[in-house]
Amino acid sequence: GPVKKERRRREYTLAQIAGAVVQAGEMSPDALRGSGRQRALSRGRVTFTVLAKEYGYRGMEIAEYLRKDPTAVTQYARKRGEAREFIAAAEKKLAVRE
């Protein structure tokens with residue numbers, strides 16, 4: 001299977017992860033955490049959730065940051081396949097910040 005890169009726990013803050021997602025998706029932080037349902041925003045939330053989980057954040061923390069119900073965050077985590085390219089783009093933006 002694919003080699004999983006070892007992630008340092010909480011190497012980035014949730015705000016830093018959100019910043020990378022926002023840059024990659026050309027959306028505002030408010031939109032990411034808002035109530036909009038456009039596909040780009042949904043993909044941004046999926047990406048944020050996947051990356052945050054990979055860096056060791058728990059669903060509750062992610063839900064609080066996104067101002068969403070924890071069940072929504074569980075749904076986002078399941079949709080990772082739909083956002084694969086976008087996740088890669090956001091990861092590149094994160095790496096630039098090191």
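Each residue is numbered by its place in its chain's sequence as written, counting from 1. Note on the predicted model: pLDDT of at least 70 is required for a residue's local features to be given, and 80 or more for side-chain atom pairs to be given and counted; whole-chain, interface and lining totals, by contrast, use all residues. Only heavy atoms go into the side-chain values, all of them from the structure, while hydrogens and water stay out.

Caption draft 1: Highlighting the nonpolar core. Grouped together as the largest cluster of nonpolar side chains are 28 residues, with contacts concentrated most on Ile17, Val21, Leu32, Phe48, Tyr57 and Ile62. For the purposes of this entry, the term helix denotes a DSSP run of H or I that reaches at least four residues, the term strand denotes a run of E that reaches at least two, and both are numbered from the N terminus. Elements that contribute at least two residues to this core include exactly α1 (14-25), α3 (39-54), α4 (59-66), α5 (70-78) and α6 (84-96). Should any heavy atoms of two residues lie within 4.5 Å, those residues are considered in contact. Discounting residues that sit within four places of it in the chain, Leu32 has contacts with Ala18, Val21, Val22, Met27, Leu41, Gly44, Arg45 and Leu66. Residues belong to one nonpolar core when they are buried, are Ala, Val, Leu, Ile, Met, Phe, Trp, Tyr or Cys, and are joined through side-chain atoms within 4.5 Å. Each residue gets one of three labels from its accessible area relative to the maximum for its type: buried under 20%, exposed over 50%, partly exposed in between, using a 1.4 Å probe on protein chains only.

Caption draft 2: Looking closely at the packing of aromatic side chains. A pair of Phe, Tyr and Trp rings is counted when the ring centres sit within 6.5 Å of each other, with Trp represented by its six-membered ring. The angle between the planes then sorts it: under 30 degrees is stacked, over 60 is edge-to-face, the rest tilted. On inspection of all chains with the given rule, the structure shows two aromatic pairs. Pairing Tyr12 with Tyr55 gives two aromatic rings, centres 5.2 Å apart and planes at 90°, and the pair type is edge-to-face. Here Tyr12, found in the segment before α1, pairs with Tyr55, found in the loop between α3 and α4; they are 43 residues apart in sequence, far enough to count as distant. The class for Tyr55 is buried, based on a relative accessible area of 6%. Here the aromatic rings of Phe48 and Tyr65 are separated by 5.3 Å at their centres, their planes lie at 20°, and the arrangement is stacked. Note that Phe48 is positioned in helix α3 and Tyr65 in helix α4, a separation of 17 residues in sequence. Under the relative-accessibility criterion, Phe48 is labelled buried at 0%. The ring of Tyr65 carries Arg33 above its face, with NZ or CZ at 4.0 Å from the centroid. Definition used: whenever NZ (Lys) or CZ (Arg) falls within 6 Å of the ring centre and also within 35 degrees of the ring normal, the charge is taken to sit over that ring. A cation sits over an aromatic face here: Arg43 above Phe86, 4.3 Å from the ring centre.

Caption draft 3: Molecular detail of the packing of α3 against α6. It is the contact of α3 with α6, at a shortest axis distance of 9 Å, that shows an interaxial angle of 60°. Relative to α6, α3 is oriented oblique. By crossing handedness, the relation of α3 to α6 is classed as right-handed. On the side of α3, the interface is formed by Arg43, Gly44, Thr47, Val50, Leu51 and Glu54, while α6 contributes Phe86, Ile87, Ala90 and Glu91. Counted by class, the contact of α3 with α6 contains five nonpolar, two polar and three charged residues. The convention used is that axes are lines fitted to C-alpha atoms, helices contributing only their stretch in contact, and that angles between N-to-C directions extend from 0 to 180 degrees. Orientation labels follow simple angle bins: below 35 degrees gives roughly parallel, above 145 gives roughly antiparallel, 65 to 115 gives roughly perpendicular, and whatever is left gives oblique. We call a crossing left-handed when the near helix sits turned anticlockwise from the far one by less than a right angle, and right-handed when that turn is clockwise. When residues are grouped by polarity, Ala, Val, Leu, Ile, Met, Phe, Trp, Tyr, Cys and Pro land in nonpolar, Asp, Glu, Lys and Arg in charged, and all others, Gly among them, in polar.

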